[in-house]
Amino acid sequence: MDHGGEYAPDEKVELLGTWSSPYVFKVIWALTMKGVEYEYVEEDLRNKSGALLSLNPLHKKVPVLVYRGKPVAESDVIVEFIDEAWKDRGGGGRILPEDPYERAMARSWVIFARDVLSPPIWKWFTAPGEEEQEGAREAAVAQLLVLEEELGRKEFFAGDCVGLVDLSLGALAYVIPIYEEITGTRIVTEERLPCLSAWMGRFLSSPPAKDHLPPLEKLKLSFLGERTL
Amino acid sequence: MAGGDDLKLLGAWASPFVTRVKIALALKGLSFEYVEEDLRNKSELLLASNPVQKKVPVLIHNGKPICESHIILQYIDEAFSGTGPSLLPTEPHDRAVARFWATYIDDKSMRGKTEEEKTEGIKKTLGAVETLEGALRDCSKGEGLFFGGDSMGLIDVSLGSLLSWLKATEVMSGAKIFDPIKTPLLAAWIERFSEFDVAKAALPDVDRLVEFSKKMKQAAAAAAAAASEN
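Model, not experiment: these values are computed from the prediction. (Residues numbered from 1 in each chain as written. Chains lettered and ligands numbered in written order. Predicted model: local features only at pLDDT ≥ 70, side-chain atom pairs only at ≥ 80, totals over all residues. Heavy atoms only, no water.)

A complete count under the given rule lists two cavities of 30 Å³ or more for this structure. Approximately 70 Å³ is the volume found for the largest cavity. Lining the largest cavity are I105, K108, S109, T125, A128, V129, L132, L159, L162, L166 and F178 of chain B. Its residues assigned to classes, the lining of the largest cavity shows eight nonpolar, two polar and one charged. Estimated volume of the second largest cavity: approximately 50 Å³. Within the residue set of the lining of the second largest cavity, elements represented by two or more residues are α5 (130–151), α7 (172–183) and α8 (194–204) of chain A. Per-element accounting of the lining of the second largest cavity gives the leading share, three residues, to α8 of chain A. Of the residues contributing to the lining of the second largest cavity, the split by class is eight nonpolar, no polar and no charged. (1 Å grid on protein atoms, 1.4 Å probe; cavity = no way out; pocket = protein on both sides within 12 Å on 5 of 7 lines; lining within 4 Å. Points joined across faces, edges and corners; volume = space filled by probe spheres on them. Nonpolar A, V, L, I, M, F, W, Y, C, P; charged D, E, K, R; others polar. Helix = DSSP H or I, 4+ residues; strand = E, 2+ residues; numbered from the N terminus.)

Here it is in structure tokens:
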């Protein structure tokens, strides 16, 4: 059903988020893929709004999507909701594949990114000494090599267009370069990870992401703050 | 069930995540071959099927492996959508609510290995129980029969698969997790769930779990003592 940009009040889509959260951006990219218009509400997590506290009383976290007055929380849950609620919308196609096995594989890669890949990347960034940093870097590269193999010669993890796995890994495309700048070490080089290296640039200029990225200088400053703690 | 569907489940009897898959398969009326793994001596098949995490459960459907219990449950629901009841409702927001609670239950599931982790796990669980009472009231539209509304669904299976461990924890720690006064709907739900054939067949025996847990603790303590003597 095409609303042509104008939504009746009960069709309004609202997204509560914060500018620095990769989980919020994952949802923004998903909404963009579907061409869904939404009102964005910036939350101050040190001073959470009454709306946030009542819409996500359990976790009190962003992102929260509100559609037809009903909230959806947890970014992975929100992305699947967007794919289903706006099933036939958007030239961006389906976020998850149609085939059940392919869907299971996509969901597995999301878990991989969260549980297997992210911890060593965080360890590398926050390592107190050179030795720990080097060890964590190699551990992270080992997992990035797994991703490299999965990506292979494809444009995106989902194939010709961005899909669930690309959305879940997408923040790395802008976070890793910042981490590299701050630590003075490289983790994704064209030599060791050529496909992933190319994917990062491709993702950042892809239709869902290109006009929807956080302010990178501001992000770098906030990361610098985290690292000296 | 389509002809030629070969389903194999690699599991471990004590794992609630494996129990979860057993219950889901039974609910859908799907027959499968069960392979009990010795987690201290994992089979070639398990290592080949789940090379990254090397964990159970793994469901192998016509030779293709699927890992992670909540991913397996959704796979079963989607690949066998014409067979048996659906684990998830049809309406997108209702599905999102079901996935939200399933994620929550997974987060709170006691996966701790060390004593501190386990104690933290118990505290988390006790905190979660009152939340789940509220969730049950909302999801079941006040009746409290199933999280899935009229019939068993994803949340019921996710939580129900933990029951033997929760009961074993009550026995070992003396803490009462499900108080019929504080959480009446949940307490009744547990009684009801435990009586279903699919649950009885899949849930491990509580006494056996208590024995198993004691043995694990003894082994861990012995290992820790040996390590500190070096």
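After presenting the structure, the write-up continues.
Before going further, it helps to examine the packing of helix α1 (residues 16–27) of chain B against helix α3 (residues 69–79) of chain B. Residues and elements named next belong to chain B. Running from N to C, α1 and α3 point in directions that differ by 10 degrees, and their axes come no closer than 9 Å. Judged by the inter-axis angle, α1 sits roughly parallel to α3. Seen from α1, the contacting residues are F17, R20, V21, A24 and L25; seen from α3, they are S69, I72, L73 and I76. Across the contact of α1 with α3, the residue classes break down as seven nonpolar, one polar and one charged. (Axes fitted to C-alpha atoms, helices over the stretch in contact; angles between N-to-C directions. Parallel < 35°, antiparallel > 145°, perpendicular 65-115°, else oblique. Contact = heavy atoms within 4.5 Å.)

Quick look at the sheet that holds strand β4 (residues 64–67) of chain B now. All names here are of chain B. Here four strands make up an open sheet; going across it, the order is β2-β1-β3-β4 and the pairing mixed. The open sheet is flanked by β2 (33–36) and β4, the only strands paired with a single partner. Within the sheet, the average angular offset between the axes of one strand and its neighbour, ignoring direction, is 20 degrees. Sheet topology places strand β3 (residues 58–61) next to β4; four bridges connect them, and they run antiparallel. Within β4, the residue paired with L59 across the bridge is I66. (Pairing = 2+ DSSP bridges.)

All names here are of chain A. Within the open sheet, the four strands sit side by side as β2-β1-β3-β4. Their pairing is mixed. On the outer flanks of this sheet lie β2 (39–42) and β4 (70–73), each paired with one strand and no other. Going from strand to strand, the sheet's axes swing by 20 degrees on average, the running direction of each strand aside. Relative to β2, strand β1 (residues 13–17) runs parallel, the two being bridged by four bridges. Paired with G17 across the bridge in β2 is E42.

For the rest of this paragraph, the subject is the interface of chain A and chain B. Interface size is commonly expressed as the accessible surface area that is lost when the partners come together. In this complex, chain A contributes 24 residues to the contact, which on the side of chain B involves 23 residues. Summed over both partners, the interface of chain A with chain B buries about 2000 Å², with 68% contributed by carbon and sulfur atoms. Taken as a group, L58, Y101 and R107 of chain A account for 27% of the area that chain A buries against chain B, more than any other trio of residues on that side. Linking chain A with chain B are five salt bridges. The salt bridge partner of E84 of chain A is R95 of chain B, with a shortest N-O separation of 2.9 Å. Where chain A packs against chain B, one counts seven residue pairs in polar contact (both at pLDDT 80 or more). (Buried area = accessible area lost by both parts, 1.4 Å probe. Salt bridge = Lys/Arg side-chain N within 4 Å of Asp/Glu carboxyl O. Polar contact = N/O pair within 3.5 Å; in protein donor to acceptor, adjacent residues only side chain to side chain.)

A word on the confidence of the model for chain A. Per-chain confidence: chain A averages 92 in pLDDT, with 93% of residues scoring 70 or above. Taken together, the stretch residues 1–7 of chain A has pLDDT below 50 and engages in eight contacts with residues farther than four places along the chain or on a different chain. (pLDDT = per-residue confidence, 0-100.)

Counted under the stated rule, the structure contains 26 salt bridges over all chains. Across the pair E84 of chain A and R99 of chain B runs a salt bridge whose closest N-O atoms are separated by 3.2 Å. Remark: R99 of chain B occurs in helix α4 (residues 92–108) and E84 of chain A occurs in helix α3 (residues 75–85); the pair is interchain, linking two chains. Here E84 of chain A and R99 of chain B have matching classes, each one buried. Across the pair D106 of chain B and R20 of chain B runs a salt bridge, and its minimum N-O distance is 2.6 Å. With a gap of 86 residues between them, D106 of chain B in helix α4 and R20 of chain B in helix α1 connect regions that are remote in the sequence. Look at R20 of chain B and you get buried, because its relative accessible area is 1%. (Buried < 20%, exposed > 50% of the residue type's maximum accessible area, 1.4 Å probe, protein only.)

Under the local residue numbering, the UniProt record ascribes the feature "domain: GST C-terminal" (unreviewed entry) to residues 99–223 of chain A. The span residues 99–223 of chain A shows a helical share of 69% and a strand share of 0%, and its end C-alpha atoms are spaced 39 Å apart. (UniProt positions renumbered as here; feature names shortened; annotations may be inferred.)

Topologically, H59 of chain A is positioned in the loop between α2 (50–55) and β3 (64–67). As a C-alpha pair, H59 of chain A and S20 of chain A span 39 residues in sequence and 18 Å in three-dimensional space. Residues contacting H59 of chain A, with those up to four places away along its chain left out, are E74 of chain A together with F100 and Y104 of chain B.

Following the criterion strictly, the structure yields 21 aromatic pairs over all chains and no others. Taken together, a centroid distance of 6.4 Å and an interplanar angle of 85 degrees make the contact between Y101 of chain A and Y75 of chain B edge-to-face. A residue pair is termed interchain when its members come from two chains, as with Y101 of chain A in helix α4 (residues 100–126) and Y75 of chain B in helix α3. Assessed through its relative accessible area of 13%, Y101 of chain A is described here as buried. Measuring from ring centre to ring centre gives 5.4 Å for W101 of chain B and Y104 of chain B, while their planes differ by 90 degrees; the resulting arrangement is edge-to-face. In this pair, W101 of chain B and Y104 of chain B are both assigned in helix α4, three residues apart and thus about one turn of the helix distant. Judged on exposure class, the residue W101 of chain B and its partner Y104 of chain B are both buried. Cluster of aromatic residues (ring-pair linked, three or more members): F25, W29, F157, Y174, W199 and F203 of chain A. Here the basic side chain of K64 of chain B rests over the ring of Y101 of chain A, its NZ or CZ set 4.5 Å away from the ring centre. Here the guanidinium or amino end of R208 of chain B rests over the ring plane of W13 of chain B, the centre of that ring lying 3.8 Å away. (Phe/Tyr/Trp six-rings, centres within 6.5 Å; stacked < 30°, edge-to-face > 60°. Lys NZ or Arg CZ within 6 Å of the ring centre and 35° of its normal.)

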